[in-house]
Each structure stands twice: as structure tokens, then as C-alpha cells.
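Close look at the chain arrangement
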Amino acid sequence: MLQIVPTPIGNLRDITLRALDVLQACDAVLCEDTRRTQTLLTHFNIHKPLYRYNENDERSVMRCLEALKSGKNCALVSDCGTPCISDPGWRLVKAAVAVGIPVTSLPGPSAVACALAGAGLTGGAFTFLGFLPRKPGKAAKLLMQAASLKHPVVVYESPYRVVKMLDLIAKTLGENIPVIAARELSKVYEEYIRGSARELTGRFKQKNKVQGEFVLIIDCFDTSAPQESLDEDSDFEMP
Ligand code: SAM
């Protein structure tokens, strides 16, 4: 059996009781980086064989699949948050499903859900783009397509590229588009920085060094959007 186990995105106390149960009971832990996972497991006094898993290395996927096929109960973790969400894991999950190995996915920490809930935008649909492509043209195209749906658009970004990304958002979706930069979630210096794309770009440019992990949430809701669609689904009959 393959059990997908989310791990904390910063605060170790965010591990779930069930995640600890699964990690404690499994035969092996499949992970991105053995040193990081070893540190996590040691913190919780869990000692398990670790198999390194690399999405781009077919042999490592096969090795993990063989362990599963041999009947081993394996837990899949990534460096932080939920495996397969802008993280390795999906190839192995796909391969496991294809050969009929039971797969279960535990709920738990993920930066996208955490940031979106704290952003205070609409509670309905949103578009998650993960890490945008490095090429500005491709990234801009994806941003425009996503923004046209008028839902919040969520992207992941590293501290090294966040200024460039905010600049691209301003150029692509307009300088005044509201953005929430959720930084260092669940950690000591957690903050939600709110402002227009241009304001946030200026603010980060002033810093010598931008630090921390970021989730950017772009508020693409357009209050001037036509309201006909609301009427179509209305419970009231029009006279
Ligand atoms: N699988 C993870 C999840 O479920 O959120 C995401 C892994 S992805 C490789 C790492 C990115 O997630 C970071 O570059 C950042 O954009 C976001 N992230 C992770 N931890 C974060 C945190 N504590 N605060 C803000 N963003 C975070």
C-alpha cells in the first residue's frame, strides 16, 4: 500500500496524529531528500528505512514501485507540505494506481490551502498554477488565461524570484491588481503582505535581500463583471 503523507510547511507541530501513526507503522518512507526526512523522523523519534525518490530518475521510481509490489507498506513524503502538489510523487502514484496498488492520501499541510484561507478572498473556486514557467512569455500567457476566470490565482514563488514575478504580474494583469504575498506561513515571521502588484514590487525591491517562502495570491475578481450568470442560476422565477 502507498500512503501519501503531508508534512509541516514550517511548524513541526502541524504534523497530524494520523501522519505520525502512518510513519510509525509503515515499512519504509519514500522521500525527496533523505537528510531532510531523516531530521523530521528523528524529531518524532521514528526510525524507518528511507528510499530516495526522484521524479526525473526513472530508476528511483521503479525502485520504489518494486518495494510496493513486494508488499511493503510505504509512506510517501516530500520535503514539505503535500507530496504531488508542486512536488515529486505523482509519477509514483500514477504507476502504483496503474498496477493496482492501493493508494491513500492523508489530509494535511499544504501552502496553497493555508495561504488561500488566510487571504480572506472568496471561498469558492480558485486557480492554482504552482510554479510558473521560467520564460516570461509562457508565464504571462498562463496568468492571463487564469485571470480571465475571475477567480483568485495562486502561484508559488521562491525568495530569489518573487520580485521578478510581482513585476510580471503587474505588467501582465495591470499595476493595480491586488496581490497578497503570504510569507513564511506557520513560521515565526509569518506575514500576509497586501497591496497592488506595483506596490508589492516596490516594497520588495527596497529590501537588500528578500527572504522566506512565498505564496502569491492574485485577486482577479472583477466587480464590474456582468451579472447575467447569477440570474441564470437563480432559484427565483422571473415574471
Ligand atoms: N508540496 C508543498 C505544498 O503542499 O505546499 C509545496 C512544495 S513547493 C516545492 C515549495 C513552495 O511552496 C515554496 O517555494 C513556496 O512557494 C511554498 N511554500 C512552502 N512552504 C511555505 C511557507 N511556509 N510559507 C509560504 N509558502 C510556502
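Keep in mind that what you see is a predicted model, and the values were worked out from it rather than measured.

1. Here we look at the pairing of strand β6 (residues 127–131)
Pairing analysis gives four bridges linking β6 to strand β7 (residues 153–157), with the strands arranged parallel. Looking across to β7, one finds that Gly 130 is bridged to Val 155. Crossover handedness for the path β6 to helix α6 (residues 136–147) to β7: right-handed.

2. Observations concerning the domain arrangement of the chain
Assigned domains of the chain: these are domain 1 (2–105) and domain 2 (111–218). Relative placement of domain 1 and domain 2: their C-alpha centres are 28 Å apart. Contact residues are listed per partner, giving six residues for domain 1 and 10 residues for domain 2. In total, domain 1 and domain 2 occlude about 540 Å² of area from one another, counting both sides; carbon and sulfur atoms represent 64% of this.

3. Focus: the site of the ligand
Looking at the ligand, there are 19 residues lining it, with Ile 85, Asp 87, Ser 110, Tyr 156 and Phe 214 nearest. Between the ligand and Ser 110, the relevant distance is 2.7 Å, taken from an oxygen atom to a side-chain nitrogen or oxygen of the residue. In this structure, an oxygen atom belonging to the ligand sits 2.5 Å away from a main-chain N or O atom of Phe 214. For the shell around the ligand, the secondary structure elements donating two or more residues are β7 and β10 (214–218). When its residues are assigned to classes, the shell around the ligand shows 10 nonpolar, four polar and five charged. For the shell around the ligand, the domains that each give at least three residues are domain 1 (2–105) and domain 2 (111–218).

About the thresholds
- Residues numbered from 1 in each chain as written.
- Predicted model: local features only at pLDDT ≥ 70, side-chain atom pairs only at ≥ 80, totals over all residues.
- Heavy atoms only, no water.
- Pairing = 2+ DSSP bridges.
- Helix = DSSP H or I, 4+ residues; strand = E, 2+ residues; numbered from the N terminus.
- Right-handed = clockwise from strand over helix to strand, strands pointing away.
- Domains from an automatic or database assignment.
- Contact = heavy atoms within 4.5 Å.
- Buried area = accessible area lost by both parts, 1.4 Å probe.
- Near = heavy atom within 4 Å.
- Polar contact = N/O pair within 3.5 Å; in protein donor to acceptor, adjacent residues only side chain to side chain.
- Nonpolar A, V, L, I, M, F, W, Y, C, P; charged D, E, K, R; others polar.

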